[in-house]
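Fold and contact review
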Amino acid sequence: MEARWAHLLQEITANARETAAYTGRPVLSERVMAAMAKVPRIAFLPDDIRVDAYLNQPLPIGYGQTISQPFIVALMTDLLDLTPTDKVLEIGSGSGYQSAILAELVAEVHSVELVADLAKSAARRLAKLGYRTVHIHHGQGRRGWLQDAPYAAILVAAASPDIPPHLIEQLSVDGRMVLPVEEGYRDTGTYQKLLKIVKQRDNTLKQQHCLSVAFVPLVGRD
Ligand code: SAH
């Protein structure tokens, strides 16, 4: 394995240990780390910033959007407790990188992207890399993707002030959702917390607040 990539994986492991008090996940699962090791992040970046693929940072992918920080991709994926038969929904396809990580771990991935050009290029990129179980849809992610609901897990890659009601509806019983929610404002901008939700048998939600994060906003209304 490329040395810079091995170093990035070590950083992810260290980040998980350092943030365990907030996340409850000192060690990420072997399956998640294997997916992180396998998917080439470099293939999801615009040509001019490919040299930065190995940085544990979010990076610009055009249209004012970003590919998430690798540690956050790994953590959110881990928090979803995925099993190989799961069907998963992602909101905010962006580059398609997170979709590819999910596709390594589950049977079927649906991902909804608001920006048509990003949806098109993510779909093209994933097809070229051989991902046949990822379906990128252009649309308003706050409405989820009803055709293929319910989902065992939902990952939202953009921040909103609420938990979008359609997404709660499209989550199966015992389904898990991980999303950044806006908690207020600081001088650095909006302040968000990563939230994990589990939909209980009686339709109530079990909620766990994890660490502070910084995502682009989930745009628009239901
Ligand atoms: N998961 C992506 C990173 C996504 S960044 C990756 O791995 O590259 C957040 C994405 O959410 C952006 O592409 C943005 O266009 C998209 N987005 C913002 N609001 C949205 C909405 N309401 N519905 C669907 N996608 C949305």
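For the structure itself, consult the block above.
How each quantity is defined
- Residues numbered from 1 in each chain as written.
- Predicted model: local features only at pLDDT ≥ 70, side-chain atom pairs only at ≥ 80, totals over all residues.
- Heavy atoms only, no water.
- Near = heavy atom within 4 Å.
- Polar contact = N/O pair within 3.5 Å; in protein donor to acceptor, adjacent residues only side chain to side chain.
- Areas by Shrake-Rupley, 256 points an atom, 1.4 Å probe, with all protein chains shown as cover.
- Helix = DSSP H or I, 4+ residues; strand = E, 2+ residues; numbered from the N terminus.
- Nonpolar A, V, L, I, M, F, W, Y, C, P; charged D, E, K, R; others polar.
- Phe/Tyr/Trp six-rings, centres within 6.5 Å; stacked < 30°, edge-to-face > 60°.
- Buried < 20%, exposed > 50% of the residue type's maximum accessible area, 1.4 Å probe, protein only.
- Expected span 1.5 Å × (residues − 1).
- Arc of directions from axis to C-beta.
- Contact = heavy atoms within 4.5 Å.

Section: the site of the ligand
The environment of the ligand is made up of 24 residues, and the closest members are Ser95, Glu113, Gln140, Gly141 and Val219. Between a nitrogen atom of the ligand and a side-chain N or O atom of glutamate 90, the distance comes to 3.0 Å. One of the backbone nitrogen or oxygen atoms of glutamine 98 is found 3.0 Å away from an oxygen atom of the ligand. Its free accessible area being 580 Å², the ligand has 99% of it covered by the protein chains. For the shell around the ligand, the secondary structure elements donating two or more residues are β2 (65-67), α5 (97-103) and β4 (108-113). The biggest single contributor to the shell around the ligand is β2, with 3 residues. Its residues assigned to classes, the shell around the ligand comprises 11 nonpolar, 11 polar and 2 charged.

Observations regarding the packing of aromatic side chains
According to the stated counting rule, one finds 2 aromatic pairs in the structure shown. On the numbers, 5.8 Å between centres and 75 degrees between planes, the contact of tryptophan 5 with tyrosine 54 is edge-to-face. Taken as a pair, tryptophan 5 in helix α1 (residues 3-18) and tyrosine 54 in the loop between α3 (30-38) and β1 (59-62) lie far apart in primary sequence, 49 residues in all. A single burial state applies to tryptophan 5 and to tyrosine 54, both of which are buried. Relative to tyrosine 97, the ring of phenylalanine 44 lies with its centre 5.6 Å away and its plane at 65 degrees, an arrangement referred to as edge-to-face. Of this pair, phenylalanine 44 sits in the loop between α3 and β1 while tyrosine 97 sits in helix α5, and the two are 53 residues apart along the sequence. This pair shows no difference in class: phenylalanine 44 is buried, exactly as tyrosine 97 is.

Describing helix α6 (residues 116-128)
Under the 1.5 Å per step criterion, the end-to-end length of α6 is 18 Å for 13 residues, consistent within 8% with the ideal 18 Å. Turning to α6, its buried residues are Leu118, Ala119, Ala122 and Leu126. Seen along its axis, α6 keeps its buried residues to an arc of 100 degrees; they face one direction. Of the exposed residues in α6, those oriented more than 90 degrees away from the buried face are Lys120, Arg124 and Lys128. Packed against the buried residues of α6 are β1, β2, α5, β4 and β5 (134-138). Just downstream of α6, glycine 130 is the residue with a positive phi angle, here 90 degrees.

Everything listed here is a matter of geometry and, on its own, says nothing about what the molecule does.
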